[in-house]
Amino acid sequence: MFNRVNEVIDKIIRPKLKEHYGDIELVEVKEGIVKVKFLGACSGCPSAKFTLEDIVLRDLQEKIPEIKEVLLVTEVSQDLIDMAKKILNKEK
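### Remarks on the side chain of Asp 23
Summarising the element assignment, Asp 23 is placed in strand β1 (residues 22-30). For Asp 23, the side chain forms a polar contact with the side chain of Arg 14, separated by 2.5 Å. Side-chain polar atoms of Asp 23 contact the side chain of Lys 18, separated by 3.4 Å. Beyond its immediate sequence surroundings of up to four residues, Asp 23 is in contact with Arg 14, Leu 17, Lys 18, Lys 37, Phe 38, Leu 39 and Cys 42.

### Points about the sheet that holds strand β3 (residues 69-72)
The strands making up a sheet are joined through hydrogen bonds of the backbone, oriented either antiparallel or parallel. With respect to topology, 3 strands assemble into an open sheet ordered β1-β2-β3, the strand pairing being mixed. Every other strand in the sheet has two partners, leaving β1 and β3 as the edge strands with one partner each. Adjacent strand axes in the sheet meet at a mean angle of 30° when their direction is disregarded. Of the pairings in the sheet, the one linking β1 to strand β2 (residues 33-40) comprises 8 bridges and is antiparallel in character. Within the sheet, the bridge partner assigned to Lys 30 lies in β2 and is Ile 33. Strands β1 and β2 of the sheet are contacted by helix α1 (residues 2-18), whose axis makes an angle of about 160° with β1. The sheet contacts of helix α2 (residues 48-63) involve β1, β2 and β3, and relative to β3 the element is tilted by about 145°.

### Comments concerning α2
The first and last C-alpha atoms of α2 sit 21 Å apart over 16 residues, in line with the 22 Å expected at 1.5 Å per residue. Within α2, the axis deviates most sharply at Leu 57, by approximately 30°. For α2, every residue scored as buried is listed here: Ala 48, Thr 51, Leu 52, Val 56, Asp 59 and Leu 60.

### Here's the deal with the environment of Gly 22
Within the fold, Gly 22 resides in strand β1. Residue Gly 22 is classed as buried on the basis of its relative accessible area, which comes to 3%. Sequence separation between Gly 22 and Asn 3 is 19 residues, and the spatial gap between their C-alpha atoms is 21 Å. Setting aside residues no more than four positions away along its own chain, Gly 22 makes contact with Leu 17, Leu 39, Gly 40, Ala 41 and Cys 42.

### Things to note about the nonpolar core
One broad trend across soluble globular proteins is that nonpolar side chains are buried collectively. Counting 19 residues, the largest nonpolar core has Val 5, Val 34 and Leu 60 as its most contacted members. Residue assignment for this core shows that the elements contributing at least two residues are α1, β1, β2 and α2. At 5 residues, α1 tops the list of elements feeding residues into this core. If we ignore the near neighbours within four places in the chain, the residues touching Val 34 are Val 5, Leu 26, Glu 28, Val 29, Leu 60, Ile 67, Glu 69, Val 70 and Leu 71.

### Some words on the confidence of the model for the chain
Taken residue by residue, the chain gives an average pLDDT of 90. The fraction at 70 or more is 91%. Model confidence for the chain, summarised as mean pLDDT per element, is weakest for helix α3 (residues 78-88) at 77 and strongest for α1 at 96.

About the thresholds
- Numbering of residues starts from 1 in every chain and runs along the sequence as written.
- The predicted origin of the model limits local features to residues at a pLDDT of at least 70 and limits the giving and counting of side-chain atom pairs to 80 or more, whereas totals for whole chains, interfaces and linings rest on all residues.
- Only hydrogens and water are set aside when side-chain values are computed; all heavy atoms of the structure are taken into account.
- Helix and strand definitions follow DSSP, with helices as H or I runs of at least four residues and strands as E runs of at least two, each counted in order from the N terminus.
- Counted as a polar contact is a pair of N or O atoms within 3.5 Å, where, for protein atoms, one must be capable of donating a hydrogen and the other of accepting one, and residues adjacent in sequence contribute only when both atoms are in side chains.
- Working rule for contacts: check all heavy atoms of both residues, and any pair within 4.5 Å makes them a contact.
- Pairs of strands are assigned from DSSP output, requiring at least two bridges between the strands.
- In this analysis an axis means a line fitted to C-alpha atoms, helices contributing only their contacting stretch, and an angle means the value between N-to-C directions, from 0 to 180 degrees.
- Expected span of a helix, by definition, is 1.5 Å for each gap between consecutive residues, and there is one gap fewer than residues.
- Here the bend at a residue means the angle between the axes of two seven-residue stretches, the one that ends at it and the one that starts at it.
- Here the term buried applies to any residue with accessible area under 20% of the maximum for its type, exposed to any over 50%, and partly exposed to those in between, with areas from a 1.4 Å probe on protein chains only.
- What makes a nonpolar core is a set of buried Ala, Val, Leu, Ile, Met, Phe, Trp, Tyr and Cys residues whose side-chain atoms join them at distances within 4.5 Å.
- The quantity called pLDDT is the predictor's confidence in a given residue, expressed from 0 to 100.

So, in structure tokens, the structure goes:
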């Protein structure tokens, strides 16, 4: 199912987000639950919740009815944390 979801994201959802300088990354698909991460302008956008429900969930369920839910992953990568620590500690 991961590949089917990724295909819908690539062909239908991503182009919509790119119109607003955003992007999306598929993180996981398990038992009808899809986890995604927003990138670009979509990352941290105040309307992310609506985008998730009104675009991502709707488009996925339209093409893949087995999708039950879409969750937004908002974790920060370890690389970003390490870089921030270096900046704060003024390391090179």
